[in-house]
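Structural description and commentary
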Amino acid sequence: MNIFELATLLSPVGGAVGGVMAVHRSVPSTPAWMFAAIPVGLACGFGSYRGLVRLAIGKHDRNPKMPGWRMAAIFGISAFSPYIAGVLSYGLVRLFFYVVA
C-alpha cells in the first residue's frame, strides 16, 4: 500500500475515533450517542481527505510537471489527513453537544 491508499483508509477511521472520543468525554454513559457519532466521523474523515487532496491538486490543473512544493503539499496532506479528520470530527461533535446541551 502506498501513502494515498493508507490515507484513504485511515482518514475515516481517524474521524470515527475523534467523534467517539468527543462523545466519551461529553456523555460517557450512553453508547447510543457513540453509534450516532461514528457515521459523522466517517463522513468527516472521507470528506476531509478528498477535499484537501482536491484542493492541493487543483481542479483545473492538468500540468503533468508539478513543482516540488505542490508535491510536498500533496504528500503532507496524505500523511496528516487522518489527524486532521480526527480533530475536525472531534470539534464538530463537541460543538453539537455544546449547542444541544
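What you see is a predicted model, and the numbers here were worked out from it, not measured in a lab.

Thoughts on the overall build of the protein chain
Summing up its helical and strand segments, the protein chain has 3 helices and 0 strands in all. Projecting the C-alpha coordinates of the protein chain onto the three principal axes gives extents of approximately 55 × 30 × 15 Å. In the protein chain, buried positions account for 30% of the 101 residues. In the protein chain, of all internal contacts separated by at least 6 residues, the share reaching a separation of at least 24 is 78%. For the protein chain, the accessible area works out to roughly 6600 Å², and carbon and sulfur atoms hold 73% of it.

Considerations on the packing of helix H1 (residues 3-26) against helix H3 (residues 68-100)
To describe two helices that pack against each other, one gives the angle between their axes and the distance between the axes. Between H1 and H3, the shortest axis-to-axis distance is 7 Å and the interhelical angle comes to 20°. When the axis of H1 is compared with that of H3, the two are roughly parallel. Once H1 is placed against H3, the crossing between them reads as right-handed. Residue composition of the contact of H1 with H3, by class: 15 nonpolar, 10 polar and 2 charged.

Description of the packing of aromatic side chains
A full pass over the atoms with the stated rule returns 5 aromatic pairs. Considering the side-chain rings of tryptophan 33 and phenylalanine 96, the 5.9 Å spacing of their centres and the 55° angle between planes classify their relative orientation as tilted. One end of the pair, tryptophan 33, is in helix H2 (residues 31-57); the other, phenylalanine 96, is in helix H3, and 63 residues separate them in sequence. Chaining the aromatic ring pairs together yields one cluster made of Trp33, Phe96 and Phe97.

Observations regarding the confidence of the model for the protein chain
When pLDDT is averaged across the protein chain, the result is 84; 93% of the residues are at 70 or more. At the low end of the mean pLDDT range in the protein chain sits H2, at 86; at the high end sits H1, at 89.

As for a nonpolar patch on the surface
Judged by side-chain polarity, Met1, Leu6, Leu9, Leu10, Val13, Val17 and Met21 come together as a nonpolar surface patch covering roughly 650 Å² of accessible area. Note on placement: leucine 6 falls in helix H1.

How each quantity is defined
Residues numbered from 1 in each chain as written. Predicted model: local features only at pLDDT ≥ 70, side-chain atom pairs only at ≥ 80, totals over all residues. Heavy atoms only, no water. Helix = DSSP H or I, 4+ residues; strand = E, 2+ residues; numbered from the N terminus. Buried < 20%, exposed > 50% of the residue type's maximum accessible area, 1.4 Å probe, protein only. Contact = heavy atoms within 4.5 Å. Areas by Shrake-Rupley, 256 points an atom, 1.4 Å probe, with all protein chains shown as cover. Axes fitted to C-alpha atoms, helices over the stretch in contact; angles between N-to-C directions. Parallel < 35°, antiparallel > 145°, perpendicular 65-115°, else oblique. Left-handed = near helix turned anticlockwise from the far one by under 90°. Nonpolar A, V, L, I, M, F, W, Y, C, P; charged D, E, K, R; others polar. Phe/Tyr/Trp six-rings, centres within 6.5 Å; stacked < 30°, edge-to-face > 60°. pLDDT = per-residue confidence, 0-100. Patch = residues over 30% accessible without salt bridge, like charges linked within 9 Å, V, L, I, M, F, W, Y side chains within 5 Å. Salt bridge = Lys/Arg side-chain N within 4 Å of Asp/Glu carboxyl O.

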